[in-house]
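Summary of the model geometry
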Number of protein chains: 2
Amino acid sequence: MFDSESELPTLRSPHALAPMKLAANLQEQVASHLRRRILSGQLLPGTPLREQTLAVEFGISRGPIRDALLHLTKEGLLIAKPNVGVRVANEPSGFKRNVIVHLRREIEASAVTAWFETRDPALLKRLDDNLSHYKDACGGSDLGQVVELDMAFHRLLVETADHGSLVDLWLPIMLRMFLRYSRHRDLMESYHEHAGIVRAMHGGREWEALEALKLHIV
Amino acid sequence: MFDSESELPTLRSPHALAPMKLAANLQEQVASHLRRRILSGQLLPGTPLREQTLAVEFGISRGPIRDALLHLTKEGLLIAKPNVGVRVANEPSGFKRNVIVHLRREIEASAVTAWFETRDPALLKRLDDNLSHYKDACGGSDLGQVVELDMAFHRLLVETADHGSLVDLWLPIMLRMFLRYSRHRDLMESYHEHAGIVRAMHGGREWEALEALKLHIV
DNA sequence: GAGTCAAACATTGTTGACAAATGACAACTC
DNA sequence: GAGTTGTCATTTGTCAACAATGTTTGACTC
């Protein structure tokens with residue numbers, strides 16, 4: 001059924017960057033693992049996820065699995081039908097995706113605008129770090145890595161605003177958009193767009209940063 | 001501790017309008033019940049919610065309670081700290097609330113715009129129904145009722161767009177905003193704003209409807 | 001009296017067993 | 001042969017007990 005080496009990783013990925021807190025409880029580990037498999041395209045839309053199957057696969061009981069599936073359902077990555085189960089959500093329709101794009105722009109632009117109030121250089125340092133890792137990942141073949149670093153970049157932006165209070169609002173929107181990450185995406189172009197945003201922030205050019213961000217989110 | 005008559009309602013409220021499906025499973029019933037108590041202000045921000053306490057209160061085990069708390073956490077009504085528990089979330093900060101307002105406007109305006117493509121009269125019928133109930137509720141004293149009907153109104157709008165696919169995106173945003181529903185709110189004025197939106201839709205005046213909607217969401 | 005440590009308590013996290021609901025399939029009716 | 005009903009296997013829903021973690025309390029030291 002599944003590869004036997006798809007075991008629960010005992011630790012997070014080697015270079016888990018700054019604010020990625022590694023979860024102590026099983027439900028979060030399971031959720032992270034499944035989230036990555038969905039976003040990297042290993043689990044395609046429509047694929048059913050059975051609690052018992054996952055339980056034996058991870059070598060734990062159904063309880064934490066259940067919690068994790070609930071998490072992912074609320075994040076929009078799975079859809080649940082009572083008494084039947086969950087399956088990987090479909091990509092959003094064209095109409096819905098268009099709305100999502102506007103919402104992401106609104107949130108991330110608000111965050112960047114808030115940053116320009118203080119221009120705290122700590123964020124720039126982290127973004128630079130992320131960029132160098134992201135460049136490497138885009139050259140490599142690990143799509144899961146690329147997705148994670150891309151998301152981390154935008155999460156860094158959002159976390160600056162109002163001390164991270166926007167993240168919980170932003171995450172489900174972001175995840176739904178990333179359901180179709182793999183397709184139609186030039187990775188290196190994405191990297192250069194990230195770099196352009198950071199460059200404008202370094203130079204203190206607010207309008208340019210916002211414009212680059214807006215053009216990047218499509 | 002709690003009133004003994006705060007038992008789990010065996011059925012939903014008497015005039016549960018059209019698309020409110022009554023939940024068969026306990027977790028949804030518990031979630032609905034708690035959601036209402038939070039939004040109506042019976043449970044104030046910061047109040048801790050203990051699994052065991054709720055379990056005996058509802059006369060069920062901790063399992064469904066746990067699921068319900070997870071739901072509400074992901075909806076933004078509760079905040080969870082691992083190994084410690086959940087408590088009712090604080091009202092969003094001024095900055096966050098401002099972002100939320102823009103997101104809600106974006107979503108609901110998209111929905112209304114989509115409706116003007118077809119102008120399906122079924123929606124108008126439901127909105128009229130809602131309005132009459134809403135007017136009564138605003139006159140009465142049951143704040144929970146008012147909140148529910150207000151939310152139902154906007155849910156009706158959102159559900160028309162793209163066959164309801166926006167609802168899951170919209171709900172957490174809406175709920176966070178309603179965390180401070182009770183305060184600073186003139187109920188009758190709110191009713192008249194709803195009525196104004198519906199009137200513009202009846203008359204086919206798209207711009208007026210969108211403008212009224214935008215002014216209503218603050 | 002202030003600070004520190006450990007033990008007791010309270011609460012969540014996890015587990016395995018059992019109950020209830022669903023969907024598929026076969027037998028039956030008309 | 002089309003539709004309906006009944007049965008069965010599969011899957012989720014619920015439960016109660018146990019383990020692990022976090023918090024509080026109170027004695028003890030300085």
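Residues numbered from 1 in each chain as written. Chains lettered and ligands numbered in written order. Predicted model: local features only at pLDDT ≥ 70, side-chain atom pairs only at ≥ 80, totals over all residues. Heavy atoms only, no water.

**Looking at the relation of the copies chain A and chain B**
To keep things clear, this is the line we draw: Copies overlap after least-squares fitting; the atoms used are the C-alpha atoms of residues with pLDDT of at least 70 in both. The contact criterion used is simple: two residues touch if any of their non-hydrogen atoms lie within 4.5 Å.
For the match of chain A to chain B, the screw axis carries a shift of 0.0 Å, the RMSD comes to 0.0 Å, and the turn is 180 degrees. Such a turn and shift between the copies fits a two-fold axis. Of the interface residues in chain A, 100% have counterparts in chain B that sit at the interface too, so the contact is made through matching surfaces.

**Some points on the protein's contact with DNA strand C**
Just so we agree on the cut-off: For this purpose, a residue is taken to be near a molecule or strand whenever a single non-hydrogen atom of the residue falls within 4 Å of it. Counted as a polar contact is a pair of N or O atoms within 3.5 Å, where, for protein atoms, one must be capable of donating a hydrogen and the other of accepting one, and residues adjacent in sequence contribute only when both atoms are in side chains. Segments assigned H or I by DSSP are reported as helices when at least four residues long, segments assigned E as strands when at least two residues long, and all are numbered from the N terminus. Nonpolar residues are Ala, Val, Leu, Ile, Met, Phe, Trp, Tyr, Cys and Pro. Charged residues are Asp, Glu, Lys and Arg, and all others, Gly as well, are polar.
Taken together, 19 residues surround DNA strand C, and among them Leu-26 and Ser-61 of chain A together with Arg-50, Arg-62 and Arg-66 of chain B come closest. Protein-adjacent atoms of DNA strand C, using a 4 Å cutoff, are sugar or phosphate at a proportion of 76%. The contact in question runs from a phosphate oxygen of DNA strand C to an N or O atom on the side chain of Arg-66 of chain B, over 2.8 Å. When contributions to the surface near DNA strand C are tallied by element, the ones reaching two or more residues are helix 1 (26-39) and helix 3 (62-74) of chain A together with helix 3 (62-74) of chain B. Among the residues making up the surface near DNA strand C, the classes are represented as 7 nonpolar, 7 polar and 5 charged.

**Re the sheet that holds strand 1 (residues 48-49) of chain B**
Residue and element names in this part refer to chain B. Short version of the rule: A pair of strands is considered paired only if DSSP assigns at least 2 bridges between the two.
On the basis of which strands lie adjacent, the open sheet formed by 3 strands has the order 1-3-2 and antiparallel pairing. The sheet terminates laterally at strand 1 and strand 2 (78-81), the two strands that pair on one side only. When strand 2 meets strand 3 (residues 85-88), the two strands line up antiparallel, connected through 4 bridges. In the strand pairing of strand 3, Leu-78 is matched with Val-88.

**Examining the nonpolar core**
The test is simple: Put simply, a nonpolar core is a bunch of buried Ala, Val, Leu, Ile, Met, Phe, Trp, Tyr and Cys residues held in one set by side-chain atoms that sit within 4.5 Å of each other. Only protein chains enter the area calculation, which uses a 1.4 Å probe; residues under 20% of their type maximum are buried, those over 50% are exposed, and those in between are partly exposed.
Counting residues in hydrophobic clusters, the biggest one holds 135 residues, and the most contacted among them are Leu-34 and Met-201 of chain A together with Leu-34 and Met-201 of chain B. Non-local contacts of Met-201 of chain B, meaning those with residues more than four positions away in its chain, are made with Trp-115, Phe-116, Leu-123, Leu-124, Leu-127, Leu-157 and Ala-209 of chain B.

**Focus on the interface of chain A and chain B**
The condition is simple: Defined in terms of a 1.4 Å probe, buried area is the accessible area two parts forfeit on being brought together, summed over both. Should a side-chain nitrogen of Lys or Arg be within 4 Å of a carboxyl oxygen of Asp or Glu, the pair is scored as a salt bridge.
The interface of chain A with chain B comprises 26 residues on the first partner and 26 residues on the second. At the boundary of chain A with chain B, total buried surface from both sides reaches about 2500 Å², with 66% on carbon and sulfur atoms. Per-residue buried area on chain A facing chain B is highest for Lys-74, Phe-95 and Leu-169 of chain A; these three make up 24% of the total on that side. Viewed at the interface, chain B and chain A are joined by 8 salt bridges. Asp-67 of chain A serves as the salt-bridge partner of Arg-66 of chain B, at 3.3 Å between the closest nitrogen and oxygen. Taken together, the links from chain A to chain B amount to 12 residue pairs in polar contact (both at pLDDT 80 or more). Within the residue set of the side of chain A that touches chain B, elements represented by two or more residues are helix 3, helix 4 (94-118) and helix 7 (167-178) of chain A. Here the residues of the side of chain A that touches chain B sort into 11 nonpolar, 6 polar and 9 charged.

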